[in-house]
Each structure stands twice: as structure tokens, then as C-alpha cells.
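Chain and residue survey
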Amino acid sequence: MTHTLAQAQELDRQDPLSALREKFWIPLQKDGTPYVYLCGNSLGLQPKITAQYLQQELEDWKNLGVEGHFHAKNPWMPYHEFLTAYMAKIVGAKPSEVVVMNTLSVNIHLLMVSFYRPSKERFKIIMEADAFPSDRYAIESQIKFHGYDPKDALVELKARPGEVTLREEDIHTTIRQTGDALALVLLGGVNYYTGQAFDLKAITQEAHQVGSIAGFDLAHMAGNIDVALHDSGADFAAWCTYKYLNSGPGSVAGAFVHERHHQNHDLPRFAGWWGHDKATRFNMRHDFKAIESAEGWQLSNPPILSLAAIRASLSIFAEVGMETLRDRAWRLTQYLRELLAQIPDGRIHVITPSERHRCGAQLSIQIPNGNKKIFEQITADGVIADWREPDVIRVAPAPLYNSYEDCYRFYEILRNAL
Ligand SMILES: *Cc1c(COP(=O)(O)O)cnc(C)c1O
């Protein structure tokens with residue numbers, strides 16, 4: 001079947017969820033036409049209601065000063081709690097297991113303080129060889145902090161020769177082989193480069209079998225794939241909110257700690273007053289008493305303006321629901337895949353796995369000879385996507401604001417550039 005622009009527009013007309021796009025600001029080109037924005041996996045677009053949520057807090061700060069902690073329309077003292085139930089739903093966790101705090105790399109460090117406790121016998125960490133750089137820096141520096149050498153302690157998961165994505169069976173074999181020496185498995189839920197999604201539950205079970213902890217970085221999963229974090233049994237997880245969760249650049253991140261750890265006061269942690277028991281937080285006592293939930297990992301009173309932007313965005317997710325969104329993302333992504341398959345053989349190669357349980361909204365497109373000029377050309381022609389060395393263009397049709405027409409326009413622009 002040949003695809004046309006008219007067909008893409010018809011698909012948009014037939015889908016009631018197309019109306020969601022109206023809730024977002026789509027960046028415009030100089031001539032007033034919208035960019036083909038396929039970069040929501042890097043920075044999600046701004047919901048139109050975000051300004052109102054921010055304005056409310058600016059008003060309350062203007063009119064109430066410090067009293068806003070208790071008397072703002074949405075009091076700042078418990079403000080992070082307003083986000084918890086929504087966020088818990090997005091990652092499939094119990095509300096007590098989720099907290100919105102800090103930023104992603106910070107949360108990875110804080111959670112590793114509690115959950116990477118190496119000993120002479122058990123000190124190794126399994127990670128993806130091509131993990132996001134920040135995760136690698138965090139992991140290596142934690143290993144060194146504990147007096148070990150990443151050369152001995154780091155076990156990297158690599159694709160087989162001639163392959164680009166990891167085979168799940170290889171992950172499991174590596175876990176079993178590392179065995180008693182394995183302290184922690186820390187993987188991305190969806191690999192940022194290939195777009196490959198992992199089975200959190202299967203990996204966690206394998207890790208627990210050998211007595212290891214399992215943690216996940218959900219930066220590319222949260223708001224993209226309907227996860228079931230609690231049921232996966234994962235010990236901890238962290239994710240940023242500015243990618244699929246549309247909360248604005250550098251906004252505050254999410255963290256998950258499985259409930260089985262909430263009452264364990266023997267876990268080491270870097271503490272701060274916001275993690276202290278709420279009833280006595282302001283008694284300014286000397287003894288730290290951790291809140292027995294994910295909130296116990298908080299350090300500081302959070303930046304309310306950022307939380308307000310997250311709240312605005314989460315209200316849209318709550319309205320639509322992750323399953324519905326996931327469904328639409330799958331349809332859009334499949335449509336884009338079909339379009340890309342029409343580009344004659346060998347010109348491009350989509351490296352993202354095609355099974356529904358192994359990918360989300362992102363497609364990673366390998367460009368022959370790593371010819372970056374192709375990327376520069378599509379950028380000049382109105383596509384916002386990103387280039388990842390050595391040879392990949394990443395595109396993500398985000399189900400909240402991207403359309404079939406976006407997919408079609410991208411395909412046409414890419415085909416012309418090639
Ligand atoms: C986006 C991303 C980060 C970014 O970390 P920040 O602390 O938010 O700057 C880290 N890890 C992964 C896997 C990411 O995708």
C-alpha cells in the first residue's frame with residue numbers, strides 16, 4: 001500500500017486523541033508553519049496549562065510570602081504530595097513507593113548510596129555498555145567512592161558482534177555468571193540510544209536469584225511505556241520528568257523505592273530534613289527519623305515552580321491514562337516504521353526492536369556511513385530530532401502531541417534528504 005499525506009491527515013481526523021495536540025505549544029518555523037517536532041524523548045513540549053500552574057504559585061508567593069507554605073491555594077509544605085498519586089500511576093507503583101525530588105543523576109547517586117553496598121565478595125555492577133553517559137559517570141564514581149576499581153567492578157552488557165541491541169538471554173546469562181559477586185544490576189528501562197525496552201520483571205527476578213539488587217533508570221520509559229514498577233519487584237528506580245513527561249528543562253525528577261525497603265532503617269542514606277518524619281520535622285531535633293516511604297529519601301524542600309510544571313503535565317496524563325497513550329504511541333510508531341520501510345533497501349536501518357514489548361515511541365534510525373549531512377538537511381527542512389554519534393537519528397512520535405501527519409512529513413523530508 002502506498003502512503004500519502006492525505007492518508008496521514010485522514011488518520012489524524014479519525015483518531016479522537018488527535019485533539020490532545022491542541023493542549024500543547026508546538027514550536028513554529030519562521031514562516032509560521034509548525035516544526036515536525038520528534039524530540040519529545042529529549043525535551044517534551046510545553047502544555048498550554050503549565051503557565052497557569054506557574055502563575056498560581058507566583059501569585060501566592062507575591063501575596064503571601066512565607067505564609068504560602070501553609071496558605072497558598074496549593075500549600076507548598078506538602079506540595080510534592082500533590083504529585084505522588086499521579087506519578088505512581090504513570091510508573092505502576094504504590095503511592096508510598098514514589099517521590100518527586102531532585103534531578104535524575106542526583107537520585108541515582110542517592111539511591112546507590114542506599115542500594116550499592118559492596119563487600120569484598122560482592123561488589124560488581126552490571127550496566128549497559130552504551131548507557132547514557134551520566135549513568136556511567138555515576139556508577140563509576142560510586143564504585144571508586146567505595147574503594148573499588150571500575151575495571152574489576154563494572155560488568156558491561158554488549159550487543160553480540162554484528163548486532164546492535166542486547167539479547168535478553170545474554171543479560172540473564174551475564175547475571176547468572178556474575179553470581180555471588182553481583183551487588184547491583186542498574187539498567188535503563190529503555191536504552192536511550194537504541195530505543196530498546198527491557199523486561200524489568202524478568203531482569204529483577206534473575207538479579208534477585210543471585211542475591212543482587214536491581215535498579216532502573218526510567219528516563220526514557222516514564223510517560224512512554226506503561227510500566228508496572230511495583231510488580232516488577234525492582235528495588236529502586238529514578239527518572240527525569242522533562243522528556244516524555246513534559247515538565248520543562250531541568251525539572252525535578254522521580255524516584256521509586258520498593259515498599260519492602262521502607263522500614264529498613266539499617267540502609268545507609270544521605271539524609272536531609274525533608275526526609276525526616278513530618279510530625280517532628282520542625283522541632284529541629286538532632287536525631288534523624290526517616291519517613292517510612294520513598295519520601296524518606298528526600299533531602300531538601302523542593303522547587304515549587306518546577307513541581308507546579310510537573311503537576312500541570314501530570315494532570316493531562318491523568319486525564320488520558322497511560323494505557324491509552326501507550327496504545328496511540330504504538331500506532332504512531334508502527335505507522336512511522338511502515339513509512340520508513342518504503343525507503344529503498346540499505347539506505348537506512350531502524351535499529352530499534354520491533355516487538356511491542358521491546359520498544360516504546362522512539363525509533364533509532366541508522367544512517368549509512370554516519371553521514372551527518374542527512375541530519376543537517378532534515379533539520380534545515382523543519383524537522384527537530386536528534387543526532388547521536390556515530391550514526392543514529394533518533395525520532396519519537398510522542399502520543400500526546402505528535403500526529404500521523406508529523407510522521408508522514410518526517411518520512412518525506414528524510415527520503416528527500418537521502
Ligand atoms: C536524560 C537522561 C539523563 C539526564 O540526567 P539529568 O540528571 O536529568 O541531567 C540521565 N540518564 C539517562 C538514561 C537519561 O536518558
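Residues numbered from 1 in each chain as written. Predicted model: local features only at pLDDT ≥ 70, side-chain atom pairs only at ≥ 80, totals over all residues. Heavy atoms only, no water.

Examining the overall build of the protein
Each helix and strand counted, the protein has 14 helices and 13 strands in total. In terms of overall size, the protein behaves like a compact globule, its C-alpha atoms giving a radius of gyration of 22 Å where 418 residues would be expected to give roughly 22 Å. Here the protein, with 418 residues, has 57% of them falling under the buried criterion. Partitioning the contacts of the protein with sequence separation of at least 6, the portion at a separation of at least 24 is 70%. Total accessible area on the protein is roughly 18000 Å²; 52% of this is exposed by carbon and sulfur atoms. Charged side chains in the protein number 42 positive and 50 negative. The centres of these two groups are separated by 1 Å. (Helix = DSSP H or I, 4+ residues; strand = E, 2+ residues; numbered from the N terminus. Rg over C-alpha atoms; globule rule 2.2 N^0.38 Å. Buried < 20%, exposed > 50% of the residue type's maximum accessible area, 1.4 Å probe, protein only. Contact = heavy atoms within 4.5 Å. Areas by Shrake-Rupley, 256 points an atom, 1.4 Å probe, with all protein chains shown as cover. Lys, Arg positive; Asp, Glu negative; His and termini not counted. Charge placed at Lys NZ, Arg CZ, Asp CG, Glu CD.)

Comments concerning the sheet that holds strand S12 (residues 386-388)
Within the open sheet, the 4 strands sit side by side as S9-S10-S13-S12. Their pairing is antiparallel. The open sheet has two free edges, formed respectively by strand S9 (349-350) and S12, since each of these has just one partner strand. Alignment of S9 against strand S10 (residues 363-366), held across 2 bridges, turns out to be antiparallel. Its bridge partner being in S10, histidine 349 is matched across the sheet by glutamine 366. (Pairing = 2+ DSSP bridges.)

Re the sheet that holds strand S6 (residues 213-217)
Pairing in this open sheet of 7 strands is mixed, and the strands run S2-S8-S7-S6-S5-S3-S4 from one edge to the other. A strand with exactly one partner marks an edge of an open sheet, and here the two such strands are strand S2 (98-101) and strand S4 (154-157). With strand direction ignored, the average angle separating the axes of adjacent strands in the sheet is 20°. Pairing analysis gives 4 bridges linking strand S3 (residues 124-128) to S4, with the strands arranged parallel. Directly across from isoleucine 126, in S4, lies its bridge partner valine 155. Along the sheet, helix H8 (residues 168-178) contacts S3, S4 and strand S5 (182-188); its crossing angle with S4, the most-contacted strand, is approximately 160°. (Axes fitted to C-alpha atoms, helices over the stretch in contact; angles between N-to-C directions.)

So, the packing of aromatic side chains
One pass over the structure, following the stated rule, counts 14 aromatic pairs. Taken together, a centroid distance of 5.2 Å and an interplanar angle of 75° make the contact between tyrosine 335 and tyrosine 404 edge-to-face. Within this pair, whereas tyrosine 335 is found in helix H12 (residues 322-341), its partner tyrosine 404 is found in helix H14 (residues 404-417), the two being separated by 69 residues in sequence. The cationic tip of arginine 269 hangs over the ring face of tryptophan 297; the distance from NZ or CZ to the ring centre is 4.0 Å. Just above the ring of tryptophan 274 sits the side chain of arginine 281; from NZ or CZ to the centre is 4.0 Å. (Phe/Tyr/Trp six-rings, centres within 6.5 Å; stacked < 30°, edge-to-face > 60°. Lys NZ or Arg CZ within 6 Å of the ring centre and 35° of its normal.)

Notes on the nonpolar core
Ranked by size, the top nonpolar core spans 61 residues in total, and within it Val91, Phe216, Leu218, Leu229, Trp239 and Leu400 carry the most contacts. Sort the elements by how many residues they give to this core and helix H11 (residues 304-320) lands first, with 8 residues. Shared between two domains, this core takes at least three residues from each, and those domains are domain 1 (5-34 + 322-417) and domain 2 (56-317). When near neighbours in sequence (up to four residues on either side) are disregarded, phenylalanine 216 contacts Leu186, Leu187, Leu200, Ile203, Thr204, Ala234, Phe236, Ala237 and Ala238. (Core = buried A, V, L, I, M, F, W, Y, C linked by side-chain atoms within 4.5 Å. Domains from an automatic or database assignment.)

Remarks on empty space enclosed by the protein
With a probe scaled to a water molecule rolled over the atoms, the places where space remains empty come into view. Under the defined criterion, the tally for this structure stands at 2 cavities of 30 Å³ or more. As a volume, the largest cavity reaches approximately 50 Å³. In terms of residue count, S5 provides more of the lining of the largest cavity than any other element does, 3 residues in total. The residue inventory of the lining of the largest cavity, partitioned by class, reads 6 nonpolar, 1 polar and 3 charged. Reported here for the second largest cavity is a volume of approximately 40 Å³. Together, Gly223, Tyr244, Asn246, Phe317, Ala398, Pro399, Leu400 and Tyr401 line the second largest cavity. Along the lines of polarity and charge, the residues of the lining of the second largest cavity split into 6 nonpolar, 2 polar and no charged. Residue-level mapping places the lining of the second largest cavity at the junction of two domains, with at least three residues from each of domain 1 (5-34 + 322-417) and domain 2 (56-317). (1 Å grid on protein atoms, 1.4 Å probe; cavity = no way out; pocket = protein on both sides within 12 Å on 5 of 7 lines; lining within 4 Å. Points joined across faces, edges and corners; volume = space filled by probe spheres on them. Nonpolar A, V, L, I, M, F, W, Y, C, P; charged D, E, K, R; others polar.)

Quick look at the site of the ligand
Taken together, the neighbourhood of the ligand is formed by Leu104, Ser105, Phe132, Asp135, Asp217, Ala219, His220, Tyr242 and Lys243. Measuring from an oxygen atom of the ligand, one finds a side-chain N or O atom of serine 105 at 2.7 Å. Histidine 220 is positioned such that a nitrogen or oxygen atom in its side chain is 3.0 Å from an oxygen atom of the ligand. When the free accessible area of the ligand is taken as 390 Å², the share hidden by the protein chains comes to 83%. Per-class residue counts for the shell around the ligand are 4 nonpolar, 2 polar and 3 charged. (Near = heavy atom within 4 Å. Polar contact = N/O pair within 3.5 Å; in protein donor to acceptor, adjacent residues only side chain to side chain.)

As for H8
Every α-helical turn comprises 3.6 residues, leaving residues that sit three or four positions apart pointing alike. Residues of H8 that are buried include every one of Ile171, His172, Thr174, Ile175 and Thr178, and no others. The buried residues of H8 occupy one face: seen down the axis, they fall within an arc of 160°. One or two residues past the end of H8 sits glycine 179, with phi positive at roughly 50°. (Arc of directions from axis to C-beta.)

Quick notes on the pattern of salt bridges
Opposite charge on two side chains permits pairing when their charged atoms draw close. Tallied over the full model, the rule gives 24 salt bridges. The partner of arginine 21 in a salt bridge is aspartate 406, and the shortest N-O contact between them spans 2.9 Å. Linking arginine 21 in the loop between helix H1 (5-14) and strand S1 (36-37) with aspartate 406 in helix H14, this pair joins segments that are 385 residues apart in sequence. Classification of aspartate 406 by relative accessible area gives buried; the value is 4%. Among the ionic pairs, glutamate 355 bridges to arginine 358, the shortest N-O distance being 3.4 Å. Judged by relative accessible area, which is 34%, glutamate 355 ranks as partly exposed. (Salt bridge = Lys/Arg side-chain N within 4 Å of Asp/Glu carboxyl O.)

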